[in-house]
Amino acid sequence: MQAPLHRASFTKFNLAALLKIASSYRLLVFLRFFIAIVGGYAFTSASIALLSAVLPIAKQDAVLFCVSISILIYAIVFIYAFAIKSLKTVWISILLSTGLFVGILAVLKDWL
Amino acid sequence: MKDSFFRSMTWLHTWVGLLTCWIIYVIFFAGTVSFFRDEINLWNQPAIHNVQAQTDRVAAQRMQIVKGFDYLSHHGAGSNSWRVTLPEQRTPYLVYGYAKPKEPGQRRSQFVNTQLNPNTMQELPPFVDTKGGNFFYRLHYQLYYLDAITGRWLVCFASFFMLLAIISGVVIHKRIFKDMFSFRRNKGVRSWLDAHNLSSVLALPFHLMITYTGIITLIFMLFPYPALTTYDNGMRGFFNDVTPSNNVTNKAQGSAAMLPINTILDQVYTKWPDADIRSVRVSEPNMAASTVTVLVDPGKALRDQTPRLLFSGATGELVDQSADELTNSKALYESLNSMHTGRFATPLLRWLYVLGGIAGCVMIATGCIMWAKRIRERSKGKASFGLQLVEGLNLATIMGLPLATCAFFIANRLLSPTLSGRDDKEVTAFFLAWLVAGVIALIKRDKLQWRVMAAINALACLSVPVVNALTTNGNIVSYLMHKQWVLFIFDALFLLFSILFLVQTEKLRTATKAKCSPSSSRSNTSKGQKA
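Residues numbered from 1 in each chain as written. Chains lettered and ligands numbered in written order. Predicted model: local features only at pLDDT ≥ 70, side-chain atom pairs only at ≥ 80, totals over all residues.

**Let's talk about the overall build of chain A**
1) Next: Helices and strands together make up the secondary structure of chain A, namely three helices and zero strands.
2) Next: When the elements of chain A are put in sequence order from the N terminus, they spell out α-α-α.
3) Next: Every one of the 112 residues in chain A was classed for burial, and the buried ones make up 32%.
4) Next: Put simply, of all contacts in chain A between residues at least 6 apart along the chain, 76% involve residues at least 24 apart. (Helix = DSSP H or I, 4+ residues; strand = E, 2+ residues; numbered from the N terminus. Buried ≥ 20, exposed ≤ 12 C-beta atoms within 10 Å, placed from the backbone. Contact = placed C-beta atoms within 7 Å.)

**Here we look at the interface of chain B and chain A**
1) Next: The interface of chain B with chain A comprises 29 residues on the first partner and 29 residues on the second.
2) Next: Among the secondary structure elements, those contributing two or more residues to the side of chain B that touches chain A are helix 1 (5–34), helix 5 (148–179), helix 7 (204–217), helix 8 (219–222), helix 9 (225–230), helix 10 (234–242) and helix 12 (328–341) of chain B.
3) Next: Per-class residue counts for the side of chain B that touches chain A are 22 nonpolar, five polar and two charged. (Nonpolar A, V, L, I, M, F, W, Y, C, P; charged D, E, K, R; others polar.)

**Description of the domain arrangement of chain B**
1) Next: If you check the domain split of chain B, you get domain 1 (1–45 + 131–241 + 328–379), domain 2 (56–127 + 245–321) and domain 3 (383–531).
2) Next: One C-alpha centre belongs to domain 2 of chain B, the other to domain 3 of chain B; they are set 42 Å apart. (Domains from an automatic or database assignment.)

**Topic: the pairing of strand 5 (residues 277–283) of chain B**
Residues and elements named next belong to chain B.
1) Next: Relative to strand 5, strand 1 (residues 81–85) runs antiparallel, the two sharing five bridges. Residue pairing across strands places R83 opposite R281, the latter belonging to strand 5.
2) Next: As defined by bridge partners, strand 5 adjoins strand 6 (residues 291–296) across six bridges and the pair is classed as antiparallel. The residue bridging V280 from the neighbouring strand is V294, located in strand 6. (Pairing = 2+ DSSP bridges.)

**Some points on the environment of L202 of chain B**
1) Next: With respect to the element layout, L202 of chain B can be found in helix 6 (residues 187–202).
2) Next: Between the C-alpha atom of L202 of chain B and that of A359 of chain B, which follows or precedes it by 157 residues, the distance is 8.0 Å.

**Some points on the sheet that holds strand 6 of chain B**
All names here are of chain B.
1) Next: Strand order across the open sheet formed by eight strands is 4-3-2-1-5-6-7-8, with antiparallel pairing between neighbours. Either end of the sheet is taken by a strand with one partner, and the two such strands are strand 4 (122–123) and strand 8 (318–321).
2) Next: Two strands pair when backbone bridges link them, and strand 6 and strand 7 (residues 308–312) are joined in this way by five bridges, in the antiparallel orientation. Along strand 7, the bridge assignment pairs L295 with R308.
3) Next: Along the sheet face, helix 3 (residues 61–75) touches strand 1, strand 2 (94–99) and strand 5 and points at about 30 degrees away from the line of strand 2.
4) Next: On top of the sheet, helix 11 (residues 261–271) reaches strand 6, strand 7 and strand 8; it is set at about 145 degrees to strand 7, its chief contact. (Axes fitted to C-alpha atoms, helices over the stretch in contact; angles between N-to-C directions.)

**Looking at the environment of R445 of chain B**
1) Next: Within the secondary structure, R445 of chain B is located in the loop between helix 15 (422–443) and helix 16 (447–471).
2) Next: Residues contacting R445 of chain B, with those up to four places away along its chain left out, are Q388, E391, G392 and L395 of chain B.

**A short note on the UniProt feature "transmembrane region" (unreviewed entry) in chain A**
1) Next: Taking the UniProt record as the reference, the feature "transmembrane region" (unreviewed entry) is found at residues 29–55, 62–84 and 90–108 of chain A.
2) Next: Taken end to end, residues 90–108 of chain A comprises 100% helix and 0% strand; its first and last C-alpha atoms sit 27 Å apart. (UniProt positions renumbered as here; feature names shortened; annotations may be inferred.)

**So, the confidence of the model for chain B**
Residue and element names in this part refer to chain B.
1) Next: Mean pLDDT over chain B works out to 86, with 93% of the residues at or above the 70 mark.
2) Next: Contacts of residues 180–185 to residues separated by more than four positions or lying in other chains number one contact, the stretch itself having pLDDT below 50.
3) Next: Predicted confidence for residues 517–531 stays below pLDDT 50, and this span has 34 contacts to residues more than four positions away or in other chains.
4) Next: With pTM at 0.87, the complex prediction returns an ipTM value of 0.85. (pLDDT = per-residue confidence, 0-100.)

**Observations regarding the packing of helix 2 (residues 59–83) of chain A against helix 12 of chain B**
1) Next: Contact pair helix 2 of chain A / helix 12 of chain B: the axes reach a minimum separation of 8 Å and the direction vectors enclose 45 degrees. Regarding the angle of helix 2 of chain A to helix 12 of chain B, the classification is oblique. For helix 2 of chain A against helix 12 of chain B, the interelement crossing comes out left-handed. Where helix 2 of chain A abuts helix 12 of chain B, its residues D61, L64, F65 and S68 of chain A lie against S329, K330, L332, Y333 and L336 of chain B.
2) Next: When grouped by side-chain class, the residues that make up the contact of helix 2 of chain A with helix 12 of chain B number five nonpolar, two polar and two charged. (Parallel < 35°, antiparallel > 145°, perpendicular 65-115°, else oblique. Left-handed = near helix turned anticlockwise from the far one by under 90°.)

**Some thoughts on helix 13 (residues 347–379) of chain B**
1) Next: For helix 13 of chain B, spanning 33 residues, the distance from its first C-alpha to its last is 48 Å, which sits close to the expected 48 Å at 1.5 Å a residue.
2) Next: Remark: K380 of chain B follows helix 13 of chain B within two positions and exhibits a positive phi of approximately 50 degrees. (Expected span 1.5 Å × (residues − 1).)

**Considering the pairing of strand 8 of chain B**
Residues and elements named next belong to chain B.
1) Next: Where strand 7 meets strand 8, three bridges bridge the pair, whose relative direction is antiparallel. Paired with L309 across the bridge in strand 8 is Q321.
2) Next: Linkage of strand 7 to strand 8, two consecutive antiparallel strands, is achieved through a turn of five residues, within which G316 is found at a positive phi near 80 degrees.

**Here's the deal with the nonpolar core**
All names here are of chain B.
1) Next: Y25, I364, L403 and A407 are the most contacted members of the largest nonpolar core, which has 124 residues in total.
2) Next: Of the residues forming this core, the biggest block, 15 residues, is contributed by helix 14 (residues 385–414).
3) Next: Split by domain, this core shows at least three residues from each of two domains, domain 1 (1–45 + 131–241 + 328–379) and domain 3 (383–531).
4) Next: In contact with Y25, not counting residues within four places along its chain, are C361, I364, A365, T397 and I398.
5) Next: Core analysis: the next-biggest nonpolar cluster, separate from the first, contains 25 residues, L116, I261, I277 and V292 among them. (Core = buried A, V, L, I, M, F, W, Y, C linked by C-beta atoms within 7 Å.)

Here it is as structure tokens:
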């Protein structure tokens with residue numbers, strides 16, 4: 001009788017620890033997907049909006065070129081978000097660069 | 001996110017692939033079928049089965065247009081829009097149409113169309129109400145039973161995930177090459193992996209191209225920001241800039257007699273002597289603001305926007321036209337779009353597109369089956385809810401879609417031509433058949449159920465040409481005798497798929513038998529399960 005009981009409590013203890021790790025693992029995965037999907041979208045939007053504003057070609061050509069490469073940019077950012085080990089680096093780099101692009105665009109377009 | 005780039009990419013490939021594989025399978029399946037959109041329209045419409053291709057199609061166009069304007073000025077006098085659509089290689093009949101007044105709540109006004117046989121210039125028997133190939137075309141990019149915009153966003157994100165799965169798949173393939181020399185006991189999963197790799201690598205450029213360009217076709221919904229920031233009046237300003245439009249006389253007031261269409265056609269043929277005209281559209285006929293747009297086939301050029309000339313209907317003056325030479329950016333954008341739709345494709349290239357699409361379907365199907373097999377082998381008999389869900393969705397999607405497609409075509413032949421809302425009932429048949437597959441997958445998801453579905457599919461595929469022969473004047477033999485190749489190939493393809501599903505049924509029978517004996521060889525199932 002003793003042995004199974006002992007084993008049960010041991011499993012229980014392990015399970016609790018595992019659950020803790022799993023939940024934080026899940027959170028990390030969620031955060032990474034979030035920055036990849038939403039952050040990547042924001043980065044792409046900001047960068048192509050800025051690029052279309054500064055390209056020295058006809059307006060419609062600038063727009064067509066920028067939307068044509070948009071998915072390439074988005075895909076690269078997405079892969080980047082999963083390739084870099086540190087989640088902090090990913091978040092900070094994407095947020096900062098997106099903010100920078102939007103800032104430059106705001107100055108160029110007199111939004112402020 | 002993992003220790004190494006390869007491991008991160010493997011993880012990403014698995015999860016991004018698994019999350020979206022079923023919706024992507026639907027998109028690929030419907031997209032592949034859509035390459036035969038015009039051919040399906042033809043098959044679904046028995047009234048045009050016997051229309052012969054014209055001997056000199058382009059030469060007859062001027063006469064057809066002139067007669068069309070005659071017809072429309074009699075019948076469509078009060079209408080604000082006319083259309084003459086000329087026969088093409090894949091759509092062998094002529095259409096004269098005029099718009100009915102818009103009813104409240106309608107976004108676009110409906111057209112009253114008259115279809116004619118271009119050889120005899122006689123009216124064709126009335127068309128049956130069917131969505132035809134357009135059903136698959138819409139299903140492909142906006143799904144069904146969903147708000148169109150929601151559907152498009154879903155398709156966009158699923159396609160983007162597909163693109164990521166392809167990129168990460170290429171990255172991890174190097175690892176797979178290394179693994180080829182290591183011993184693996186699980187031949188079952190191993191063979192699925194081989195099938196997955198083969199279908200992916202063989203058509204890799206196609207998969208990359210079709211996924212990337214697919215998202216580009218919806219890009220202004222996904223990324224409107226460049227247009228929004230560059231143009232003061234946003235998307236409208238951008239589209240006005242890209243699309244040729246009549247800015248000369250479109251604000252003119254009052255009515256004015258239409259100039260004879262021949263004077264406009266003279267100008268078209270002076271500019272393009274060999275013009276293969278697709279259609280002529282008139283807005284505000286008999287008004288001073290009237291515009292006549294002549295659309296011309298771009299031939300094999302990679303152009304998405306049909307080349308066009310715009311004339312004032314009252315004065316005959318050329319008011320605008322599409323660019324003769326595309327700028328670099330426009331050429332890039334237009335070629336991406338036209339590569340996706342493949343409208344320029346000759347029959348051989350069209351078949352290559354279809355084969356690429358089938359390879360895509362196989363790639364997706366083997367990918368999600370492989371995932372389920374791997375997890376099942378690891379879990380040793382105890383299946384979690386997640387695994388059962390994946391297995392159920394696999395069976396319901398992979399085997400359900402062919403069944404639903406057969407049901408769609410059988411319904412097209414069996415529903416009464418006079419039934420109201422007939423086109424929607426065909427679509428209902430499609431989704432009901434899919435629901436049946438879903439219920440079968442809900443009961444059980446083992447090899448036996450796959451066999452049952454394969455047998456049902458074999459029967460359903462066989463029924464399509466049989467029902468066609470019983471309900472119309474033609475059948476597969478008469479099509480062959482009269483060289484009606486489109487109809488013949490359509491029926492023959494269903495016979496071929498019927499045989500493939502039969503082979504699959506047989507393979508699964510031997511596989512289920514082999515499983516009972518101790519020396520089991522699971523690899524048998526690898527080829528049979530995908531037809």
